[in-house]
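Chain and residue survey
Read off the chains here:
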Amino acid sequence: MTSRRRTEHESRRRRRILERGTYREHLRIERILTQETTGGFVLLGATVLALVLANSPLAPAYFGVRDAHLGFDVGSFHLNLSIGHWAADGLLAIFFFLAGLELKMEFTVGDLRSPGKALVPVVAAAGGVAVPAVIFTVINVFGPPGALTGWAIPAATDIAFALAVLALLGSHLPSAVRTFLLTLAIVDDLIAILIIAIFYSSDLHLLYLVLAIVPIAAYRLLATRAESLFRISYGAAWFLLLPLGAITWALFLNSGVHATIAGVVLAFMVPVRSRTRLGAQYSLAETFEHRFRPLSSGIAVPVFAFFSAGVAVGGASGLLEAWESSVAIGVVVGLVCGKILGIVGSTFLVTRLQRANLDPDVRWMDLVGMAALAGIGFTVSLLVSELSFEASDPMHDHAKVGVLTASVLAAVVGAVILLPRDRHYKQVAEREAADADADGVPDVFGGDAEEPSDQRP
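Just so it is clear, the model here is predicted, and its values are computed rather than measured.

Okay, the overall build of the protein chain next. In terms of helices and strands, the protein chain carries 17 helices and two strands. Looking at the protein chain as a whole, 51% of its 457 residues qualify as buried.

Written out as structure tokens, the structure is:
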């Protein structure tokens, strides 16, 4: 390779790296992808186990454990919950805490701080939320009474499951494809958090929300003033911040605002930019994200899935009955078709009308495949199903069957689209790495003896 060609190639390579953000940001994204992918497989195992137990002779024991109550009440202050409720409201608060940290880092120091880079995934996520919700509403507008309360069920994307499936299907896909899906899911989480906080809060008790300001302020003060301590000592966070977090969670639980929102609020109190003597390389937000993500992906979310995904379908006839319900149909069509239409359609519009740019490494067919995987709703969709319908309501189980069915179908559709794309990228990588003359320079760059021609074919 000539000196001139090497210089031009290196210049192009550096421009691509700079356009995709800092190397530190790239490493952080890669770490999240790896951890969420591993968590996705654990989540899948917990889901399968729950479905097997719920439809086996052990079903009475399974449901008995799920519905057993733990805790206590102090007057009107309610802390006596079923184990399933503790998993949904308590353990998922850890998941939402991590989501809040990721949101704050992305919008403060990550790629989403740039309006130009944020515009496409933000609009794509919004379209991926709005279109499924509209489809569900249209299908259920003449459905059973109360069915429309589940309009937000098909709006969410499960990061862990989607990334786990993407890891299986697309080991050779460009990193920009995986990063786009992760960014899309992060913004999707933000929208889901707002939906839960606004539309699924009831019987508000403002006194508890006002009281929650005290532990939240103390949490913020400690996280800011004692940042060095929490970065050095694992135990300090458990002994000082965890009690404040638990008090905040309990107050939110009794305020009428869904308790998981407490996790998001507390995450926003954690500093993103480090100002301690330990240096600015890693902030407290990144430290907490690194420490607590395994707890969320490996324990909190799988335990929630274990108690939430166990639906007694009642054999083939019960499964068919669930599939025939307008609620399940709305969820399936919304997640499988609505996500693709919403994400691809909104991306097309924003790139045409606003002159926003999609990453050059992401092709439109790749985007369709990613949009299909975004139809794997699962964690948040199951949570919204529980918030939408009473456990005794048949629509409660129909909605969950719809979520599980849609997640499987979305994975299958994504596989049909992305597997050929992955083979294509694998062949491209092999051609670019080929070095038939063993000169240490891939053949695609040509020989060193030839001067590059200024004429283009």
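It is generally the case that most residues other than glycine have a negative phi and that most peptide bonds are trans. The phi dihedral of Phe378 is positive, around 50°, even though this residue is not glycine. By the secondary structure assignment, Phe378 is in the loop between helix H15 (364-373) and helix H16 (379-388). Relative accessible area serves as the criterion here: at 1%, Phe378 is assigned to the buried category.

Attention shifts here to helix H10 (residues 234-255). Its 22 residues place the ends of H10 31 Å apart at the C-alpha level, agreeing with the 32 Å of an ideal helix rising 1.5 Å per residue. Where H10 begins, the side chain of Ser233 points an oxygen toward the backbone nitrogen of Gly235, at a separation of 3.4 Å. Two residues or fewer past H10, Gly256 is found with a positive phi of approximately 100°.

Summarising the element assignment, Phe107 is placed in helix H4 (residues 83-108). When its relative accessible area of 35% is taken as the criterion, Phe107 is described as partly exposed. Along the chain, Phe107 and Val187 lie 80 residues apart, while their C-alpha atoms are 9.9 Å from each other. Beyond its immediate stretch of four places on either side in the chain, Phe107 contacts Leu112, Arg113 and Leu190.

Moving on: the packing of aromatic side chains. The relation between two aromatic rings is expressed through the spacing of the ring centres and the mutual angle of the planes. On inspection of all chains with the given rule, the structure shows 11 aromatic pairs. Measuring from ring centre to ring centre gives 5.2 Å for Trp151 and Phe199, while their planes differ by 90°; the resulting arrangement is edge-to-face. Placement of the pair is Trp151 in the loop between helix H5 (115-140) and helix H6 (159-169) and Phe199 in helix H7 (residues 175-199), with a sequence separation of 48 residues. Taking relative accessible area as the criterion, Trp151 reaches 23% and is therefore assigned partly exposed.

In this structure, Phe97, Trp249 and Phe288 are the most contacted members of the largest nonpolar core, which totals 118 residues. Per-element accounting of this core gives the leading share, 13 residues, to H7. Sequence-distant contacts of Phe288, that is, excluding residues within four places in its chain, are made with Phe97, Leu101, Tyr219, Phe230, Ala237, Leu241, Val270 and Arg293. Core analysis: the second largest hydrophobic core is formed by 10 residues, Leu53, Ala54, Ala59 and Ala87 among them.

A cluster of nonpolar side chains, namely Leu229, Tyr234, Trp238, Phe239, Leu240 and Leu242, defines an oily patch on the protein surface of about 670 Å² accessible area. The element best represented in the nonpolar patch is H10, accounting for five residues. Judged by relative accessible area, which is 38%, Leu240 ranks as partly exposed.

Here strand S1 (residues 69-74) pairs with strand S2 (residues 77-82) via six bridges, running antiparallel. Residue pairing across strands places Gly71 opposite Asn80, the latter belonging to S2. Hairpin connection from S1 to S2: two residues lie between these consecutive antiparallel strands, with Gly75 at a positive phi of about 65°.

This next bit is on the environment of Lys426. Topologically, Lys426 is positioned in helix H17 (residues 394-433). On the basis of relative accessible area, Lys426 is assigned to the partly exposed category, the value being 37%. Along the sequence, Lys426 and His172 sit 254 residues apart, while their C-alpha atoms lie 5.6 Å from each other.

Below, the discussion takes up the side chain of Arg291. Relative to the helices and strands, Arg291 resides in helix H12 (residues 284-308). The side chain of Arg291 is buried and forms no salt bridge, while Glu289, the nearest opposite charge, is found at 10 Å. Side-chain polar atoms of Arg291 contact the backbone oxygen of Phe230, separated by 2.8 Å. There is a polar contact of 2.8 Å between the side chain of Arg291 and the backbone oxygen of Arg231. Filtering out sequence-adjacent residues up to four positions away, Arg291 remains in contact with Phe230, Arg231, Ile232, Ser233 and Tyr234.

Analysis parameters
Residues numbered from 1 in each chain as written. Predicted model: local features only at pLDDT ≥ 70, side-chain atom pairs only at ≥ 80, totals over all residues. Heavy atoms only, no water. Helix = DSSP H or I, 4+ residues; strand = E, 2+ residues; numbered from the N terminus. Buried < 20%, exposed > 50% of the residue type's maximum accessible area, 1.4 Å probe, protein only. Expected span 1.5 Å × (residues − 1). Polar contact = N/O pair within 3.5 Å; in protein donor to acceptor, adjacent residues only side chain to side chain. Contact = heavy atoms within 4.5 Å. Phe/Tyr/Trp six-rings, centres within 6.5 Å; stacked < 30°, edge-to-face > 60°. Core = buried A, V, L, I, M, F, W, Y, C linked by side-chain atoms within 4.5 Å. Patch = residues over 30% accessible without salt bridge, like charges linked within 9 Å, V, L, I, M, F, W, Y side chains within 5 Å. Areas by Shrake-Rupley, 256 points an atom, 1.4 Å probe, with all protein chains shown as cover. Salt bridge = Lys/Arg side-chain N within 4 Å of Asp/Glu carboxyl O. Pairing = 2+ DSSP bridges. Lys, Arg positive; Asp, Glu negative; His and termini not counted.

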